[in-house]
Amino acid sequence: ELALKSLGSEGLFLFSSLDTNNDLYLSPEEFKPIAEKLTGVAPISESEEEETPDPSGETLSIVAKFQPLVMETMTKSKDGFLGISHVALSGLRNWTAPAAPMSVMLARQFKAFLPPKNKLDLGDPWWIIPSELNIFTGYLSNNRFYPPPPKGKEIIIHRLLSMFHPRPFVKTRFAPQGAVACIQAISAFYYTIAFRIHAEFQLNEPPDFPFWFSPGQFTGHIILSKDSSHVREFKLFVPNSRSLNVDMEWLYGASESSNMEVDIGYLPQMELESTGPSIPSVIHDENGNVIDSRDPSGEPIQFVFEEITWQQEIPWEEAAQKLEVAMYPFKKVSYLPFTQAFERAKAEKKLVHSILLWGALDDHKPLSASLPMPGSGRTLRETVLESSPILALLNESFISSWSLVKELEELQSNRENEFYSKLADLHLEKYNFPVEMIICLPNGTVIHHINANYFLDITSMKPEDVESSIFSFSTNFEDPSTATYLQFLKEGLQRAKPYLQT
């Protein structure tokens, strides 16, 4: 109460976001985001300083595979990029191959992927690169060309991503920021580590204006020894299973207030893979003498590696889900593919809670989130969809799903399955740009819907100014967004009662 009196509700909210241990005191570490914001200087702590690996250790060869963005998948391509200068897209059009098709790295540099001592259980996530974004810091500047020097565990991530393009930003401008990992398998001497990285690239340089290229995510795995001296396998890639997987933004001026264009597109391939296990850079005989790495005939010496016997492991899908929930707490509710959601709803006699977006809901920065307007998937997932009351009600009474407009348009035009086509049709009838939240029966009948822009408009108003009784505010929750979304869900349940009772 004293803190509320001293700071006011908004001040206390900011203070609480920085007071990570909730002791009502800000330690130097907790105050760091403010210090860095005000001074523009981020000091490197001793623990973050990069350890110099032994140059005589094992080396790992990694190849980069890259197929450029399919320009025809950008929405701006439909009118021939009318009104968009050729210079703006020059960095994108010229990026047709990886910057470094192959690279040799020291195995011990991959130590950054090892788990901390308190995260040795299967599927228990930890942050390789923690997010530095919070309410105070807001979003990072769009008006930048060159990445800040990487530090600590950022260095290996930066070096890997630099194989694709010379200007990777290992910390994205928007949340969720960073890199997260978990143990997928354990043997006596090895771990399989699953990881997920959110990073982006700056494709332009002065005198052109910035062009940001933001893949939905990088994911992959590494098999390495527990002392990081040997890497058996490494793979990193951008998933390409959805029809759109990259977000793009470019400025038309040299300031934060400059006009910005946004678009989304499809990247067929962006991956790094080891050519084989890491091998010694220096070879010794049984007496400790250095010997030639080639046999008398000039052929490289062939190494034989022991087979790894895994003692514990979880499926890749389970590990990926753990990482996804770590990045996105709203994913504590399962979001099923569109058609599966309706099948499950029918079987469990529940309603479908569906979110229809222009850009993705669970990539690091969906396109709709970057638009200069309040309605966005990012705002939804970072506020109401993460709140405990919403998570509880969604888990109890709904089957949830999110879909891209483009995917439903394709489903709508596919007449091989009339039922699925009709489901898509009923959804698209109610859609308004950029995000529509929809509640419907298992047969696809929409019984309630609200546009994200309207939702955020009314939740930013004072309660007495809201005319609609449908979205009235509850005194049980201080956050009007949570209260209003709860009311939206409950209204849907009320309207569906005649169906649910049969």
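Being a predicted model, the structure only gives us computed values, none of them experimental.

So, how was this worked out
Residues numbered from 1 in each chain as written. Predicted model: local features only at pLDDT ≥ 70, side-chain atom pairs only at ≥ 80, totals over all residues. Heavy atoms only, no water. Helix = DSSP H or I, 4+ residues; strand = E, 2+ residues; numbered from the N terminus. Buried < 20%, exposed > 50% of the residue type's maximum accessible area, 1.4 Å probe, protein only. Contact = heavy atoms within 4.5 Å. Areas by Shrake-Rupley, 256 points an atom, 1.4 Å probe, with all protein chains shown as cover. Phe/Tyr/Trp six-rings, centres within 6.5 Å; stacked < 30°, edge-to-face > 60°. Polar contact = N/O pair within 3.5 Å; in protein donor to acceptor, adjacent residues only side chain to side chain. Core = buried A, V, L, I, M, F, W, Y, C linked by side-chain atoms within 4.5 Å. Salt bridge = Lys/Arg side-chain N within 4 Å of Asp/Glu carboxyl O. pLDDT = per-residue confidence, 0-100. Pairing = 2+ DSSP bridges. Axes fitted to C-alpha atoms, helices over the stretch in contact; angles between N-to-C directions. Expected span 1.5 Å × (residues − 1). Arc of directions from axis to C-beta.

Scanning the protein from terminus to terminus reveals 14 helices and 22 strands. Counting only residues that meet the buried cut, the protein has 49% of its 502 residues in that class. Partitioning the contacts of the protein with sequence separation of at least 6, the portion at a separation of at least 24 is 71%. For the protein, the accessible area works out to roughly 24400 Å², and carbon and sulfur atoms hold 53% of it.

What follows covers the packing of aromatic side chains. Counted by the stated rule, this structure contains 20 aromatic pairs. Judged by centre distance (5.5 Å) and plane angle (55°), the rings of W95 and F201 are tilted. With W95 in the loop between α3 (90-94) and β2 (102-106) and F201 in strand β7 (residues 200-202), the pair connects residues that are 106 residues apart, well separated along the chain. With relative accessibility at 6%, the residue W95 sits in the buried group. For F201, a relative accessible area of 0% gives the class buried.

What follows concerns unusual backbone geometry. Going from P206 to P207, the amide bond is cis rather than trans, its omega being 10°. Mapping P207 onto the fold places it in the loop between β7 and β8 (211-215). Note the cis peptide between F433 and P434, where omega equals 0°. By the secondary structure assignment, P434 is in the loop between α11 (418-430) and β21 (435-440).

Tracing the chain through its elements places Q202 in strand β7. Ignoring any residue separated from it by four or fewer positions in sequence, one finds Q202 in contact with R144, F145, H165, R167, F169, P210, F211 and W212.

A word on the environment of E58. Note on placement: E58 falls in strand β1 (residues 58-67). A C-alpha to C-alpha distance of 8.6 Å links E58 and M105, two positions 47 residues apart in sequence. Excluding residues within four positions of it along the chain, E58 makes contact with M105, L106, A107, S229, H230, S278, I279, P280 and S281. At 2.6 Å, the side chain of E58 and the side chain of S278 are in polar contact.

Here the focus is the nonpolar core. If you look at the biggest cluster of nonpolar residues, it comprises 55 residues, and the most contacted ones within it are F110, F113, F164, F213, F218 and F234. The contacts of F234, once residues within four sequence positions are left out, are L60, I62, F110, F113, L160, F195, H221, I222, L272, E273 and S274. Counting residues in each nonpolar core, the second largest holds 41 residues, with M327, I355, L441 and A496 among its members.

Take the pattern of salt bridges next. Between side chains of opposite charge, a pair can form when the charged atoms approach closely. Per the counting criterion, the structure on display carries 16 salt bridges. Put simply, E154 and K171 hold a salt bridge, and the shortest N to O gap is 2.9 Å. Of the two residues, E154 sits in helix α4 (residues 154-161) while K171 sits in the loop between β4 (168-169) and β5 (178-186), which places them 17 residues apart along the sequence. The same class applies to E154 as to K171, namely buried. Between R167 and E205 there is a salt bridge, with the nearest N and O atoms lying 3.4 Å from each other. Taken as a pair, R167 in the loop between α4 and β4 and E205 in the loop between β7 and β8 lie far apart in primary sequence, 38 residues in all. With a relative accessible area of 8%, R167 lands in the buried category. Salt bridges sharing partners connect three or more residues here, namely E132, E154 and K171.

Moving on: the environment of M74. For M74, the position within the fold is in the loop between β1 and α3. Taking relative accessible area as the criterion, M74 reaches 0% and is therefore assigned buried. Along the primary structure M74 and L244 are separated by 170 residues, whereas in three dimensions their C-alpha atoms are 8.9 Å apart. Residues contacting M74, with those up to four places away along its chain left out, are L69, F81, L92, M248, W250, D263 and I264.

Right, let's talk about the confidence of the model for the protein for a bit. Interpretation of the predicted coordinates at a detailed level should be avoided for regions scoring low in pLDDT. Averaged over all residues, the pLDDT of the protein is 84; the fraction at 70 or higher stands at 80%. Across residues 364-375, confidence stays below pLDDT 50; counting only partners more than four residues off in sequence or on other chains, it has 60 contacts. Low pLDDT, under 50, characterises residues 468-477; the stretch is placed with 25 contacts to residues that sit more than four places away or in other chains.

As a general point, the strands of a sheet are linked pairwise by backbone hydrogen bonds and lie either parallel or antiparallel. Taken in spatial order, the 5 strands make up an open sheet running β18-β20-β19-β21-β22, and their pairing is mixed. Looking at which strands have only one partner, the edges of the open sheet turn out to be β18 (335-336) and β22 (446-451). Taken together, the 6 bridges between strand β19 (residues 351-357) and β21 define a ladder with antiparallel strand orientation. Residue pairing for β21: V352 is matched across the bridge by C440. Against the sheet, helix α10 (residues 405-413) makes contact with β19 and β20 (398-404), and its axis sits at roughly 95° relative to β20, the strand it touches most.

So, about the sheet that holds strand β11 (residues 246-251). What the 5 strands build is an open sheet, ordered β4-β7-β8-β11-β12; its pairing is antiparallel. Pairing within the sheet leaves two strands with one partner each, and these edge strands are β4 and β12 (260-265).

Now for helix α5 (residues 316-327). Look at α5: 17 Å from first C-alpha to last across 12 residues, which is about the 16 Å you get at 1.5 Å a residue. If you check which residues of α5 are buried, you get A319, L323, E324 and M327. For α5, the buried positions fall inside an angular range of 140° around the axis, keeping them on one side. Of the surrounding elements, those touching the buried residues of α5 are β3 (126-129), β5 and β6 (190-198).

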